[in-house]
Amino acid sequence: MESFGRESQTIAAISTGLIPSGVGMVRVSGPKAIEIADQVFQTVGQKPLQQRKGYTSAFGHIHDGDEMIDEGVAAVYRAPHSYTGEDVVELCCHGGVYLMERTLRVLLDHGARLAEEGEFTKRAFLNGKLSLDQAESVIGLIQAESAGAARAALAGKDGALKREILSVQKRLTGTAAHLSAWVDYPEEDVEELSPQSLVSEMEGSQKILESLYKKYDTGKMIRKGISTAIVGKPNVGKSTLMNLLSRYERSIVTDIPGTTRDVVEESVLIGGYALRLADTAGLRETEDQVEAIGVQWSRKKMESSDLILAVFDLSRPMDDDDHALLETVEGRTFIAILNKKDAASEADISAGERLIREKASDVLVMSAQTGEGLEQLEQMIPKVLGLNKIDPAAAMIANERQRECVKRALDALAEGIEALRAGITLDAVSVCLEDALSPLMELTGERASDAVIEQVFEQFCVGK
Amino acid sequence: MIGAGHAGVEAALAASRLGAHTILFTISLDGIANMPCNPSIGGTAKGHLVREIDALGGQMGLAADATYLQSRMLNRGKGPAVHSLRVQSDRVQYHIYMKHILEQAPNLTIKQAEVTEIRVDSTNHVSQIVTKLEAVYDVKTVIIATGTYLKGRVYVGEVSYESGPDSMQAATSLSESLRKLGITLRRFKTGTPARARRSSIDFSQLEVQEGDEEIIPFSFMTEGEMKNQVVCHIAYTNEETHRVILANLDRSPLYSGKIEGIGPRYCPSIEDKVVRFSEKPRHQAFVEPMGLDTEEMYLQGLSSSLPLDVQEALYRTIKGFEQIELMRNAYAIEYDCCDPLELKPSLEFKAVTGLYGAGQFNGTSGYEEAAAQGLVAGINAARQVQGKEPVLFPRSGSYIGTLIDDLVTKGCSDPYRMMTSRSEYRLILRQDNADLRMTPIGREIGLVGEERWKRFCQKKQAVEREIKRLKQTTIPLSPELNQMLVSRETSPVTAGTKAVELLRRPQIGYQDIHPFDLLAPKLSKEVWEQAEIEIKYEGYIKKQLTQVEQMKKLEIRLLPEKVDYREISGLRLEAQEKLNKVQPLNLGQASRISGVSPADISVLLIWLEQKKRRNTPEEQENKNGH
């Protein structure tokens, strides 16, 4: 059951609201708050947060594995001297919605659970930090959440997501029931499941869930915009391209004063999709910096983008910088933009195009100056990102909570498949299978073990 | 103690052994610990229960070891969590053994009498019981374990009559008395196949099913070599069998609607199987001896409530059964049982102080499930008399706890059978470590004697020592070692390797590395096997232990007794109703009630905290005042 020990788990949530603002704050609270924050936040001085006292803060980087997400400040509070009365870390990062959500997601991936509505306040109350009369308001919050969840479940009743989750659930329940019947009724002729067939059953479910999981990011691109980096050596026309894109359909260009002091994100609607063009000037991306294309931070910036527009200058021969850029973007989603068509000869164009096409599959010859080729770019972007293949009516994970459930199911499935491959006995595998079922049943509101037993009696002719 | 079936026997023994003056009532002394269905003990998950009963100091394991005919460890190869012991038992010997144990027990009086009434005092506490012959006994606690006797009614085709199991008398009056006490009664149904004469079966047409070469006893106290004394046989139904059944379905009381009782899903009659699984061309049946000094054979898998002539006809369509002679016919039996949601986890009724329920009366089925509840009810009834707190068994610690928690938290809508899949902690609740889990509890309760305790401590230490040793031991590199590894289809090593690392490979067992483990002490199988499992499944075991720890944090948040949950604002209506009915002991139990959401649990948490804070200043005031 999903509520086992929920009170003792470490929770995290964005505490500043999902409105673009200067500074965003993600809060982690619970026994493992500091430990989890340490896996996500690297202080500049390399001294882990766990070695810091309460009421101190440190400047550093928020990262996801090797990839840096943002720089920010971590404030450490130690129990009971915190808002919730538990160990708390508040990670202040840049206030962009995407950055905050990424930061939250990394925390969840490292073992925090998404906080429920009002849960920080609830904990504060339970730990004696709030007065008695505040309890009423806490219950109000929980009620609101509960009602909200019920409404959401109702709305999703005929929804594509629920259908898809149910199909996986049905599959896994069937497999778990089969294993259960096979184990609980050894004397009946319940067909034995071979490890191979179990692996393929579980991989089938894994595939569906994985595609849902992946689509979460694609879906988010549609909802929140495609983060796009424009890169290239100096004077290839990046700024001209940026200006061209910004001018395009001027009326719907919005400025999101992003995160910071420095980064300004510009949202541009192109071909029905919002492109979030990061003018990274503030983060020291100057023309000079681009010369050193291999520089660490620049590569990371590109890696965190959904799309890279790599700009080349057709009017000049390709040089080492261009090759370095091509190498850097290799394996990423990018469009090679061969710019300054208007200033190049036919021979230059075909030579440049031939060269680039050796390394790039999506190549566009255009002129940012005259605007020639802009329409093709508009068509290329959704194609390159696979957005054109997305069926708007298809199942889509709607929020971090659902994503977390799917992630837990995927982890348990991976563990089960690994156990099967290693030749671990099926009793352990069936436990993994039920572990995978539980979070899915959280999404649909049922209980795993009861469902399995129901199925045993429905599907198998067993008895004494 | 009302009833001397498998629940009643364990309850009476436990209570009397704990020093409570106990009277055991049974309608017939010849029905003590009878097996009116399968002549067998154990099976999947049920075998776990028997081992737990034994480890706590119960009797069933010892009785099964003393009277077995054939023994098999089921599910070998499917993983240690689901290994389950099952024996064929000598039905009459089992009864004789248990009856004799009861007769020798201190503090225990055995009476052949039908209890017809239970009386309570003005505080709704049980005070007296009355028998059919109008004898009145003053009592402090009563345990009801009436099995299928309570308002028992047998059905065979169009014929039905009042009866208990195996042609015993039914208990006809007690139901009325229980209703008056406010206990809800329901009708459940079960059934049993025919018994046939051995010489009328052509065994050459059947498959033989042998027992295990090496027999593992149920009881941790049983020693010495054990040998199988009989074999069982397997037969199959065929199209003709199914045709006979379908042609006569209208004469089945189940299908004509005469039986209203709810039958067990896990134990369908042959007509049920044929109807529900019409695509299956054949169903299995087992032929099992009823004892060494009888020619009666039990026909497992062929239970039926069809008329006698149809029973004979359908059995005779089976290959090997052409000339079969039925000695006892198959029948269905309907009986009164309670709604276990009205019970506390101690198995005491919420409505009546001192009144306990156990066994089939609580809505379960199976001798082992009954015995497990009998043991718990016996322990708690005795403790109540002695003014002690009840012993509660958490579901994370045993199948016994899982069984009781399921019953009192979720209830049951058909007879409840234990299955390994009912436990979310099955990798730690294994049959092989039942003693490690339960014997310390039995010791504390007072049911584990010196000898068992001494043996237990020795085994426990030996296992711990061996695990520690294996973690420190390096197996030196040798061509023979690699030869063995390759022959087990696992990769060879390039240097000396820790014994635990080799053991963690699924293909490698303790016995495989034993020849290379030069300093290995000589250990009994139960010790090294335990060490092997603990090492091999360490990762999974740890994961489950973490889940147990998390669950415990909710279990320690106790809910007060007799709360009106309708008065707690913020709880959803469905949750209020369910909570009011179950009256859970703690938040953990509350969270397992279907219809109680995590949000409701949050509300309860805050409500508890509010209550605590409101009470605290008052208490302090009171203290100051005095």
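Colleague: Looking at this structure, how should I read the overall build of chain A?
Modeller: Helix and strand counts for chain A stand at 15 helices and 14 strands. Out of the 464 residues in chain A, the part that is buried amounts to 55%. Here chain A displays about 19800 Å² of accessible surface, and carbon together with sulfur accounts for 50% of that area.

Colleague: Please explain the overall build of chain B as it appears in this structure.
Modeller: Summing up its helical and strand segments, chain B has 21 helices and 22 strands in all. Against the globule reference of 25 Å for 626 residues, chain B gives a C-alpha radius of gyration of 26 Å, in line with a compact fold. For chain B, the spread of C-alpha atoms along the principal axes amounts to about 85 × 80 × 50 Å. Residues counted as buried form 62% of the 626 residues belonging to chain B. Restricting the contact set of chain B to residue pairs at least 6 apart, pairs at least 24 apart contribute 73%. Accessible surface, chain B: about 24700 Å² in total, of which carbon and sulfur atoms supply 50%.

Colleague: Sorry, what's going on with unusual backbone geometry here?
Modeller: Glycine aside, the phi torsion of most residues is negative, and most peptide linkages are trans. Omega for the peptide link from Ala79(A) to Pro80(A) comes to 0°, which places this bond in the cis form. At Asn75(B), a position not held by glycine, the phi torsion is positive, near 65°. Note that Asn75(B) resides in the loop between strand S3 (68-74) and strand S4 (84-89). We note that Asn107(B) has phi near 65°; this positive angle belongs to a residue other than glycine. With respect to the element layout, Asn107(B) can be found in the loop between helix H4 (91-104) and strand S5 (108-112).

Colleague: Sorry if this is basic, but what is going on with the packing of aromatic side chains here?
Modeller: Any two aromatic rings considered together are summarised by their centre-to-centre distance and by the angle between their planes. Residue and element names in this part refer to chain B. Taken as a whole, this structure holds 5 aromatic pairs over all chains when the rule is applied. A ring pair is formed by Phe-25 and Tyr-137, whose centres lie 5.1 Å apart and whose planes are at 70°; its orientation type is edge-to-face. With Phe-25 in strand S1 (residues 22-26) and Tyr-137 in strand S8 (residues 136-138), this residue pair connects regions lying 112 residues apart in the sequence. Lying over the aromatic face of Tyr-236, Arg-282 brings its terminal NZ or CZ to 3.6 Å of the ring centre.

Colleague: Help me out: how do you make sense of the side chain of Asp212(B) in this one?
Modeller: Residue and element names in this part refer to chain B. Tracing the chain through its elements places Asp-212 in the loop between strand S14 (207-209) and strand S15 (232-236). Side-chain polar atoms of Asp-212 contact the backbone nitrogen of Met-73, separated by 2.5 Å. Setting aside residues up to four positions removed in sequence, Asp-212 forms contacts with Ser-71, Arg-72, Met-73, Arg-76 and Asn-228.

Colleague: How should I be thinking about the interface of chain A and chain B in this particular structure?
Modeller: Size of an interface: often given as the accessible area lost when the parts come together. Each side of the interface is counted separately: chain A has 61 residues, and chain B has 65 residues. Across the chain A to chain B interface the summed buried area is about 5700 Å²; carbon plus sulfur atoms make up 56%. There are 3 salt bridges connecting chain A and chain B. Linking Lys543(B) and Glu415(A) is a salt bridge whose minimum nitrogen-to-oxygen distance equals 2.9 Å. At the boundary of chain A and chain B, one finds 14 residue pairs in polar contact (both at pLDDT 80 or more). When contributions to the side of chain A that touches chain B are tallied by element, the ones reaching two or more residues are helix H3 (119-126), helix H4 (134-155), helix H5 (160-184), helix H13 (400-422), helix H14 (426-444) and helix H15 (448-459) of chain A. Partitioning the side of chain A that touches chain B into residue classes produces 27 nonpolar, 15 polar and 19 charged.

Colleague: What is the right way to look at the pattern of salt bridges in this model?
Modeller: Between side chains of opposite charge, pairing is possible as soon as their charged atoms come close. Here the structure, examined in full by the defined rule, presents 67 salt bridges over all chains. The shortest N-O distance in the salt bridge between Arg123(A) and Glu86(A) comes to 3.2 Å. Taken together, the residues Arg123(A) in helix H3 and Glu86(A) in the loop between strand S5 (67-77) and strand S6 (88-94) connect sequence positions 37 residues apart. Using a relative accessible area of 2% as the deciding quantity, one classes Arg123(A) as buried. Here Lys543(B) and Asp435(A) are joined by a salt bridge, their closest N and O atoms 2.8 Å apart. Within this pair, whereas Lys543(B) is found in helix H18 (residues 538-555), its partner Asp435(A) is found in helix H14, the two belonging to separate chains.

Colleague: Honestly, the sheet that holds strand S6 (residues 115-120) of chain B in this entry has me stumped. Any pointers?
Modeller: All names here are of chain B. Taken in spatial order, the 3 strands make up an open sheet running S6-S7-S8, and their pairing is antiparallel. The open sheet is flanked by S6 and S8, the only strands paired with a single partner. Direction aside, the axes of adjacent strands within the sheet are offset by 20° on average. Pairing geometry for S6 and strand S7 (residues 126-131), over 5 bridges, is antiparallel. Among the inter-strand pairings, Ile-118 is bridged to a residue of S7, identified as Ile-129.

Colleague: Help me understand the packing of helix H10 (residues 367-385) of chain B against helix H11 (residues 399-410) of chain B, please; the structure alone is not making it clear to me.
Modeller: Two packed helices can be described by the angle between their axes and the distance between those axes. Residue and element names in this part refer to chain B. Running from amino to carboxyl end, H10 crosses H11 at an angle of 90°, the nearest separation of the two axes being 10 Å. What the angle tells us is that H10 and H11 run roughly perpendicular. Residues Glu-369, Ala-372, Gln-373 and Val-376 of H10 lie in contact with H11, whose contacting residues are Ile-400, Leu-403, Ile-404 and Leu-407. Grouping the constituent residues of the contact of H10 with H11 by class yields 6 nonpolar, 1 polar and 1 charged.

Colleague: Help me understand the confidence of the model for chain A in this model?
Modeller: Residues and elements named next belong to chain A. Averaged over all residues, the pLDDT of chain A is 77; the fraction at 70 or higher stands at 72%. Ranking the helices and strands of chain A by mean pLDDT puts helix H1 (residues 33-40) first, with 95, and strand S9 (residues 254-256) last, with 35. Throughout residues 280-295 the model reports pLDDT below 50, and contacts reaching past four residues in sequence, or to other chains, amount to 27 contacts.

Colleague: Can you help me understand a nonpolar patch on the surface in this one?
Modeller: On the surface, Val44(A), Phe59(A) and Val73(A) cluster together to form a nonpolar patch covering roughly 240 Å² of accessible area. Its place among the elements puts Val73(A) in strand S5.

Colleague: Help me out: how do you make sense of helix H12 (residues 374-385) of chain A in this one?
Modeller: In an α-helix, one turn spans 3.6 residues, which is why side chains three or four residues apart end up on the same side. Residue and element names in this part refer to chain A. Here H12 spans 17 Å end to end across 12 residues, near enough to the 16 Å set by a 1.5 Å rise per residue. Considered for burial, the residues of H12 that qualify are Leu-374, Leu-377, Met-380, Ile-381, Pro-382, Val-384 and Leu-385. Immediately beyond the C-terminal end of H12, within one or two residues, lies Gly-386, with a positive phi of roughly 75°.

Colleague: Help me understand the domain arrangement of chain B in this model?
Modeller: Residue and element names in this part refer to chain B. Considered domain by domain, chain B is made up of domain 1 (6-442), domain 2 (463-544) and domain 3 (556-625). The gap between the C-alpha centroids of domain 1 and domain 2 is 41 Å. In this assembly, 13 residues from domain 1 lie in contact with 8 residues from domain 2. Overall, the association of domain 1 and domain 2 removes approximately 960 Å² of surface from exposure, summing both partners, and the carbon and sulfur fraction of that is 56%. Inspection of the region where domain 1 meets domain 2 yields 2 salt bridges. A salt bridge links Lys-525 to Glu-214, with the nearest nitrogen and oxygen atoms 3.6 Å apart. Where domain 1 touches domain 2, the interface holds 5 residue pairs in polar contact (both at pLDDT 80 or more). Class assignment of the residues belonging to the side of domain 1 that touches domain 2 gives a composition of 6 nonpolar, 2 polar and 5 charged.

Colleague: I keep staring at the sheet that holds S5(A) and nothing clicks. Help me out?
Modeller: Hydrogen bonds between backbone atoms are what pair the strands of a sheet, whose relative direction is either parallel or antiparallel. All names here are of chain A. The sheet built from 7 strands is open, its strands ordered S3-S4-S5-S6-S2-S1-S7 with mixed pairing. With one partner strand each, in any of the chains shown, strand S3 (41-43) and strand S7 (113-114) form the two edges of the open sheet. Bridge count for strand S4 (residues 56-64) against S5 is 9 bridges, and the pairing is antiparallel. From the neighbouring strand, His-61 faces S5, where its bridge partner is Glu-71. Contacting strand S1 (11-14), strand S2 (23-29) and S7, H3 runs over the sheet at an angle of about 135° to S1.

Colleague: I would appreciate a short explanation of the pairing of S6(A) in the present structure.
Modeller: Successive side chains on a regular strand alternate, one facing one side of the sheet and the next facing the other. Residues and elements named next belong to chain A. Most of S6 sits out of view: 6 of its 7 residues are buried. Bridging between S2 and S6 involves 7 bridges; their strand directions are antiparallel. Within S6, the residue paired with Ser-29 across the bridge is Val-88.

Reading the values: rules and limits
Residues numbered from 1 in each chain as written. Chains lettered and ligands numbered in written order. Predicted model: local features only at pLDDT ≥ 70, side-chain atom pairs only at ≥ 80, totals over all residues. Heavy atoms only, no water. Helix = DSSP H or I, 4+ residues; strand = E, 2+ residues; numbered from the N terminus. Buried < 20%, exposed > 50% of the residue type's maximum accessible area, 1.4 Å probe, protein only. Areas by Shrake-Rupley, 256 points an atom, 1.4 Å probe, with all protein chains shown as cover. Rg over C-alpha atoms; globule rule 2.2 N^0.38 Å. Contact = heavy atoms within 4.5 Å. Phe/Tyr/Trp six-rings, centres within 6.5 Å; stacked < 30°, edge-to-face > 60°. Lys NZ or Arg CZ within 6 Å of the ring centre and 35° of its normal. Polar contact = N/O pair within 3.5 Å; in protein donor to acceptor, adjacent residues only side chain to side chain. Buried area = accessible area lost by both parts, 1.4 Å probe. Salt bridge = Lys/Arg side-chain N within 4 Å of Asp/Glu carboxyl O. Nonpolar A, V, L, I, M, F, W, Y, C, P; charged D, E, K, R; others polar. Pairing = 2+ DSSP bridges. Axes fitted to C-alpha atoms, helices over the stretch in contact; angles between N-to-C directions. Parallel < 35°, antiparallel > 145°, perpendicular 65-115°, else oblique. pLDDT = per-residue confidence, 0-100. Patch = residues over 30% accessible without salt bridge, like charges linked within 9 Å, V, L, I, M, F, W, Y side chains within 5 Å. Expected span 1.5 Å × (residues − 1). Domains from an automatic or database assignment.

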